[in-house]
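The primary structure of each chain is shown beneath.
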Amino acid sequence: MDGLVTRHLRLVFGATPGPARIVLQDVSAVFSRGALALVTGATGAGKSSLLHLLAGLLRPTAGEVLADGAPVSRWGAAHRDRWRRRVGIVFQSANLFSELSVLENVILPLVPRSRSLAALRAAGREVLAELALTDLAGAQAGQLSGGERQRTALARAVVGRPDFLMADEPTAHQDPANAARVLQVLAACRARGAVVVVAAHDPRVIVAGVADRHWRLAAGRLVAE
Amino acid sequence: MKPPHLNPLLLWAARDVIRRPWPALLIASALALLLTVSGTVLLFSQGLSQTARRLLAHGPDLVVRRLNAGGWAPLPAAEAVAAARQVPGVTHAQARVWGVAAGPAAPLMVIAWADAALPPAADGKPLAAPRPGEALLGPGVDPGPDPQRLALTAAAALELRPVGRLPAESALLGQDVVLVHSDDACRLLGLPPGEAVDLAVDVFHAAEAAAIQPELAAAFSWPVRITARSEAVGLYSGGLARRGGLMLIAGIPAVLALVLVVAGAVREAVGQRREVGLLKALGWTTGEVVRLQVYRALLIALPAACLGMLAAYTLVFRPGVSWPGSLLFGWRTAPPRLYLDPAGAFLTLLELGALVVGPYLAAVLLSSLQGAAADPQDLLKGEGLL
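Residues numbered from 1 in each chain as written. Chains lettered and ligands numbered in written order. Predicted model: local features only at pLDDT ≥ 70, side-chain atom pairs only at ≥ 80, totals over all residues. Heavy atoms only, no water.

Asks: Residue-level account of the overall build of chain B, with values.
Replies: From N to C terminus, chain B includes 13 helices and 13 strands. Counting across all 386 residues of chain B, residues that qualify as buried make up 43%. Contacts in chain B between residues far apart in sequence, at least 24 positions, make up 79% of those at least 6 positions apart. Just so you have it, chain B exposes about 19000 Å², and 66% of that area is on carbon and sulfur atoms. (Helix = DSSP H or I, 4+ residues; strand = E, 2+ residues; numbered from the N terminus. Buried < 20%, exposed > 50% of the residue type's maximum accessible area, 1.4 Å probe, protein only. Contact = heavy atoms within 4.5 Å. Areas by Shrake-Rupley, 256 points an atom, 1.4 Å probe, with all protein chains shown as cover.)

Asks: Which residues make up the interface of chain A and chain B, and what values do they have?
Replies: Between chain A and chain B, the residue contacts involve 31 residues of the former and 28 residues of the latter. Contact between chain A and chain B buries roughly 2900 Å² in total, counting both sides, with carbon and sulfur atoms accounting for 60%. Taken together, the connections running from chain A to chain B amount to eight salt bridges. With a closest N to O distance of 2.5 Å, A:Glu104 and B:Arg15 form a salt bridge. Counting across the interface, chain A meets chain B through 13 residue pairs in polar contact (both at pLDDT 80 or more). Secondary structure elements with two or more residues in the side of chain A that touches chain B: helix 2 (77-83), helix 3 (102-107) and helix 4 (117-130) of chain A. Broken down by element, the residue count for the side of chain A that touches chain B peaks at four residues, all from helix 2 of chain A. Grouping the constituent residues of the side of chain A that touches chain B by class yields 16 nonpolar, four polar and 11 charged. (Buried area = accessible area lost by both parts, 1.4 Å probe. Salt bridge = Lys/Arg side-chain N within 4 Å of Asp/Glu carboxyl O. Polar contact = N/O pair within 3.5 Å; in protein donor to acceptor, adjacent residues only side chain to side chain. Nonpolar A, V, L, I, M, F, W, Y, C, P; charged D, E, K, R; others polar.)

Asks: Account for empty space enclosed by the protein, naming residues and giving values.
Replies: Residue and element names in this part refer to chain B. The tally for this structure, following the rule as stated, stands at three cavities of 30 Å³ or more. A volume near 110 Å³ is recorded for the largest cavity. Around the largest cavity, the lining is made up of 14 residues, and of these Asp16, Arg19, Glu275, Leu279 and Leu292 lie nearest the centre. Those elements that place two or more of their residues in the lining of the largest cavity are helix 1 (8-19), helix 9 (273-281) and helix 10 (286-317). In terms of residue class, the lining of the largest cavity is made up of eight nonpolar, two polar and four charged. Within this model, the second largest cavity holds a volume of roughly 100 Å³. Ala265, Glu268, Ala269, Gln272, Gln293, Arg296, Ala297, Tyr360, Val364 and Ser368 together form the lining of the second largest cavity. (1 Å grid on protein atoms, 1.4 Å probe; cavity = no way out; pocket = protein on both sides within 12 Å on 5 of 7 lines; lining within 4 Å. Points joined across faces, edges and corners; volume = space filled by probe spheres on them.)

Asks: Account for the nonpolar core, naming residues and giving values.
Replies: The biggest cluster of nonpolar side chains holds 91 residues, and the ones touching the most others in it are A:Leu4, A:Phe31, A:Leu50, A:Met166, A:Leu186, A:Leu222 and B:Trp284. With residues up to four places along the chain from it excluded, the contact list for A:Leu50 reads A:Leu9, A:Leu24, A:Val27, A:Val39, A:Leu217 and A:Leu222. Of all hydrophobic cores here, the second largest spans 43 residues; its members include B:Ala80, B:Val90, B:Ala101 and B:Leu199. (Core = buried A, V, L, I, M, F, W, Y, C linked by side-chain atoms within 4.5 Å.)

Asks: Hey, could you go over the sheet that holds strand 5 (residues 87-90) of chain A for me, with residue numbers and the actual values?
Replies: All names here are of chain A. Ordered by their spatial adjacency, six strands build an open sheet running 5-6-7-3-8-9, and the pairing between neighbours is mixed. The open sheet has two edge strands, strand 5 and strand 9 (221-224), and neither has a second partner. Across the sheet, the mean angle from the axis of one strand to that of its neighbour is 20°, orientation sign disregarded. Pairing of strand 6 (residues 164-168) with strand 7 (residues 195-199) involves five bridges; the strand directions are parallel. Residue pairing for strand 7: leucine 165 is matched across the bridge by valine 196. (Pairing = 2+ DSSP bridges. Axes fitted to C-alpha atoms, helices over the stretch in contact; angles between N-to-C directions.)

Asks: Explain helix 1 (residues 47-54) of chain A to me, using residue names and the numbers behind them.
Replies: Residues and elements named next belong to chain A. Among the eight residues in helix 1, seven count as buried, and that is most of the element. Of the positions making up helix 1, those classed as buried are Lys47, Ser49, Leu50, Leu51, His52, Leu53 and Leu54. One or two positions beyond helix 1, positive phi appears at glycine 56, with a value near 80°.

Asks: Quick rundown of the environment of B:Ala73? Include the residues and the values.
Replies: Residues and elements named next belong to chain B. Its location among the elements puts alanine 73 in strand 2 (residues 71-73). A relative accessible area of 10% places alanine 73 in the buried class. Discounting residues that sit within four places of it in the chain, alanine 73 has contacts with Arg66, Asn68 and Val197.

Asks: Please set out the packing of helix 10 of chain B against helix 12 (residues 345-372) of chain B residue by residue, giving values where relevant.
Replies: Residues and elements named next belong to chain B. Remark: helix 10 packs on helix 12, axes separated minimally by 9 Å, with the N-to-C direction vectors making an angle of 155°. If you check the angle between helix 10 and helix 12, you find them roughly antiparallel. Our pair here, helix 10 against helix 12, has a crossing hand that is right-handed. Taken together, the residues that form the contact of helix 10 with helix 12 break down as 22 nonpolar, four polar and no charged. (Parallel < 35°, antiparallel > 145°, perpendicular 65-115°, else oblique. Left-handed = near helix turned anticlockwise from the far one by under 90°.)

Structure below.
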């Protein structure tokens, strides 16, 4: 099946030596291509962990993640490395390289497989323009505001036109105009057939009506809204 | 014109060096210094030995000295030359007069010079053999307060007039040499007229020099000691080897420094767990992360190695280099300016470069391979990013 599928996912942290914390349990869901899925839930509900599992950054304690039918969560590290080329991720805390410029941060995922730095820069500038960051292209990432950092992280996630996009709080710290730009970029990804999963607290994402499917995480379980 | 195509990963590695310049500069300086020190020690030992061998190859095949109960004794020049020339295989024999005399500043080697050719003087003018009362000075001879007068004292005191100076290139052998007329040399050294210190003998085949020795010894009516050129070369090389061995002790700190550089490279790679984890989260594979680290290491190590090797080469083979004379040979007056033979230096430097840069690159490769092969979960979770 196309898209991302989770089957009976279970994620437990800190089993040894302290008490184990069950983050996710029995999470089964389908995230289709060309659809934007919204995951909401209280702080600490496990939204970020679910996104990290879907992006192949975490291994589930039990269950599996299938990408276009392939059991990526059971693959070895090298295979998952290659698969992650098709994934774009926006971390909740952006995780930019603070000494690099905004443009350098954005083109970073494409550097190893590009033939020309000029082409890379052109691609980076194009995405920055979509997110109203053109003027900040040369600025150091460490000097950006929270909203600018998060938009830069989104630009970095979409510059490679990924098949799977995981965005953790992409509209955090954004004013209405920039929040709209962010949602527009997410919608564009969906329109070209990518699987888009967004974890958000921000009611604007819900109200905007961009989500094709709304899931809520509570007590480690994923429930369709 | 189309700009040259450069691998973006290589450019990114250069950007990464600039992003964190201080650790890169520290490692580059350590590598360059390491190569300069160890390269200088090795090249100097090799260059000196090679140059000495080349110079000694121009010396006589055999040297004959007369022995008596007290040690060395002068030999009658004409009689000795005639006796030597009668030995089959001997092509040339020449009586020599030389000895040590006290100069104005330091002891000097006084040599009687007759008609043999001399190289052009330090100022480029042709040099003629000194006439009675004249002296040709080696590059390091200090004539004292009056440059027109050289006072020498041995068995007798003598005042000579300096008429020229040997070229600086002859310093390795002629630094403290004074060439004088044979009459002046005999008078200064207390030799009766017609006597010589030793006899220089050339033979038809240098390989036969050892075989001729018994016959040559028997040709004289007094006991002699004959020294072959190969013995002189061996003696000289032995001395240089001992000095080289002592100098290699200086290599011990260099090895320790290399260990520290390697440890620093490993530590730096381990300290980059967060960055490696993020790169992998962004879609970089293990191979790509390792390539970045290796490119980065190459960008640091190669210029540093070139700089270190160039510095070592310049320190040893720069024409007229004078530091070894005062530093290593304890020369008390003006140290000799050396013109060492650089043959084989390039290969030695390449080997040394590989010995220094190789372990560093291997340390970077292995530690980055170990770090980058880890799962992002292990890399990022430990850094609190997941």
